[in-house]
Amino acid sequence: MTTDITKETPEAADVPPSGAAQPKKVPQGHRRLLTRRDRLTLGLMAGLPTFLHIALVWVTAFASIALAFTTWDGIGFDSITWVGLDNFRELFTNNPQFWPAVQHNVIWFVVLILIPTPLGLFLAVQLDKKIRFSRVYQTAFFLPVVLSMAVIGFVWQLVYNPDTGLINSVIGANEPGKYIDWIGDPDLNLWAILIAASWRHAGYMMILYLAGLKGVDPALREASALDGAGEWQTFKNVIFPTLRPTNTIVLVVTIIEALRAFDLVFVFNKGAEGTELLSILVTNNIIGESSRIGYGSAIAVVLLLISLVVIIPYLVATFRKERRA
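Q: Which parts of the structure should I look at to understand the overall build of the protein chain?
A: Of the regular secondary structure elements, the protein chain holds 15 helices and 2 strands. Relative to its full complement of 325 residues, the protein chain shows a buried share of 32%. Contacts in the protein chain between residues far apart in sequence, at least 24 positions, make up 65% of those at least 6 positions apart. For the protein chain, the accessible area works out to roughly 21800 Å², and carbon and sulfur atoms hold 65% of it.

Encoded structure:
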């Protein structure tokens, strides 16, 4: 009697018989992609800037709005006194510098939108033609934008110097009895500062328009050329209408630049003798000798409201365009 002994190989032993239930795999657990150190690092990188932004922007903004309805000399919080709308009433009726400052801010905007903005568009159109040394020209025109407004103010102070300045030396007004005081004369100083501001603003506008021109479809230019349109007709009827989003950005940026103008005026003559601006009035009342923080905050609130009148419609139009897209 013989007995057959069947030996199973390891491979055969691992294969379950047909019809038998497949064994369930035991879950190994969720593998974490970020370690504790990574989460801590990301928390610091995102949390610290957020905290600084809230503390330095939002908290100070709401604090300024609250202080606008009070009087405070900045010494001790117990000296804060609620006065309601008295600061705004005094600002609109009893401050001889307020309305001239508003007028100067409006003049600042009008000059920036009429002189350096078209000049920046002209420079952008010329540089978009890919002329020789266009990179050099672009760098030269954009250089004032890189410099701080304070540095630009010091440079133009040298240009406007009555004795050794460039302008008086060229026109022969640097001799005794013929001096032209570009900074001290109330009839000239605002326009002299606006020339310096326009010098910088033109380069800023050039870059914005140059970016817009790079987005124009070349097929539009080719189609216009095939129709026999000249260079001016192509720009007026084809290119300029496509720059509508850029024009909106330019308008908003110019208004903001006109409202936040401060550095140049403060460097030239600290906003005195015909160069009053709202930003100068805020600074003089908050950190000046009077230390009228509540009154200065009221001026800042007025400046904030004027800015919101411009910014909110722009944001609404932008969000509507994104929803339609």
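Q: Which parts of the structure should I look at to understand the packing of aromatic side chains?
A: Aromatic rings in a pair are described by how distant their centres are and how their planes are angled relative to each other. Under the definition given, this model contains 14 aromatic pairs. Ring centres of Phe-92 and Phe-98 lie 5.4 Å apart, and the angle between their planes is 70°; on these two criteria the pair is classed as edge-to-face. For Phe-92, a relative accessible area of 38% puts it in the partly exposed group. Given a relative accessible area of 2%, Phe-98 falls into the buried group. An angle of 70° between the planes, with centres 4.9 Å apart, marks the rings of Phe-98 and Trp-99 as edge-to-face. Residue class for Trp-99 comes out partly exposed when judged on its relative accessible area of 48%. Through successive ring pairs, a cluster of aromatic residues spans Trp-156, Tyr-160, Trp-182, Trp-199 and Phe-268.

Q: Mind showing me how you'd approach the environment of Thr-164 here?
A: Inspection of the secondary structure puts Thr-164 in the loop between α7 (149-159) and α8 (166-171). Along the primary structure Thr-164 and Asn-174 are separated by 10 residues, whereas in three dimensions their C-alpha atoms are 6.8 Å apart.

Q: What is the right way to read the nonpolar core from this model?
A: For soluble globular proteins, the rule of thumb is that nonpolar side chains tend to be buried together. Core analysis: the biggest nonpolar cluster contains 23 residues, and Trp-108, Trp-156, Tyr-160, Leu-264 and Phe-268 have the highest contact counts within it. Elements supplying a minimum of two residues to this core: α4 (98-114), α7, α9 (189-214) and α13 (263-268). Residue contributions to this core peak at 6 residues, all from α9. Dropping the residues within four chain positions of it, Trp-108 is found in contact with Leu-190, Ile-193, Leu-194, Ala-197, Glu-257, Ala-258, Ala-261, Val-265 and Leu-277. One finds Ala-68, Leu-91, Leu-259 and Val-310 within the second-largest nonpolar core, a separate group that totals 17 residues.

Q: Before we go on, may I ask you to explain the side chain of Ser-297 in this structure?
A: Along the chain, Ser-297 falls in helix α15 (residues 293-324). Contacts of Ser-297, omitting those with residues within four sequence positions, involve Ser-64, Leu-67, Ala-68 and Ile-286.

Q: Even after reading the chapter, I still don't get the pattern of salt bridges, so can you show me in this structure?
A: For side chains bearing opposite charge, pairing can occur when the charged atoms are close. As enumerated under the stated definition, the model contains 7 salt bridges in all. For the salt bridge of Asp-128 with Lys-214, the shortest nitrogen-to-oxygen distance reads 3.5 Å. Placement of the pair is Asp-128 in the loop between α5 (116-127) and α6 (134-146) and Lys-214 in helix α9, with a sequence separation of 86 residues. Lys-214 gets classed as exposed once you look at its relative accessible area, which sits at 52%. For Glu-231, the salt bridge is made with Lys-129, and the minimal N-O distance between the two is 2.4 Å. Placement of the pair is Glu-231 in helix α11 (residues 231-242) and Lys-129 in the loop between α5 and α6, with a sequence separation of 102 residues. Since its relative accessible area comes to 56%, Glu-231 is described here as exposed. According to the relative accessible area criterion, Lys-129 is partly exposed, its value standing at 41%.

Q: What's the story with the environment of Glu-257 in this structure? I'm lost.
A: Summarising the element assignment, Glu-257 is placed in helix α12 (residues 244-259). C-alpha of Glu-257 to C-alpha of His-201: the two residues are 56 residues apart in sequence and 8.8 Å apart in space. The contact partners of Glu-257, leaving out residues within four places of it in the chain, are Trp-108, Leu-112, Arg-200, His-201 and Tyr-204.

Q: Would you mind showing me how to read unusual backbone geometry here?
A: Keep in mind that most residues, glycine aside, have a negative phi and that most peptide bonds are trans. Although it is not a glycine, Phe-133 sits at a positive phi angle of roughly 60°. Mapped onto the elements, Phe-133 comes out in the loop between α5 and α6. Even without being a glycine, Lys-270 presents a positive backbone phi close to 60°. Following the sequence through the fold, Lys-270 ends up in the loop between α13 and α14 (278-286). Lys-270 gets classed as exposed once you look at its relative accessible area, which sits at 52%.

Conventions adopted
- Residues numbered from 1 in each chain as written.
- Predicted model: local features only at pLDDT ≥ 70, side-chain atom pairs only at ≥ 80, totals over all residues.
- Heavy atoms only, no water.
- Helix = DSSP H or I, 4+ residues; strand = E, 2+ residues; numbered from the N terminus.
- Buried < 20%, exposed > 50% of the residue type's maximum accessible area, 1.4 Å probe, protein only.
- Contact = heavy atoms within 4.5 Å.
- Areas by Shrake-Rupley, 256 points an atom, 1.4 Å probe, with all protein chains shown as cover.
- Phe/Tyr/Trp six-rings, centres within 6.5 Å; stacked < 30°, edge-to-face > 60°.
- Core = buried A, V, L, I, M, F, W, Y, C linked by side-chain atoms within 4.5 Å.
- Salt bridge = Lys/Arg side-chain N within 4 Å of Asp/Glu carboxyl O.

Just distances and angles here, no functional claims.
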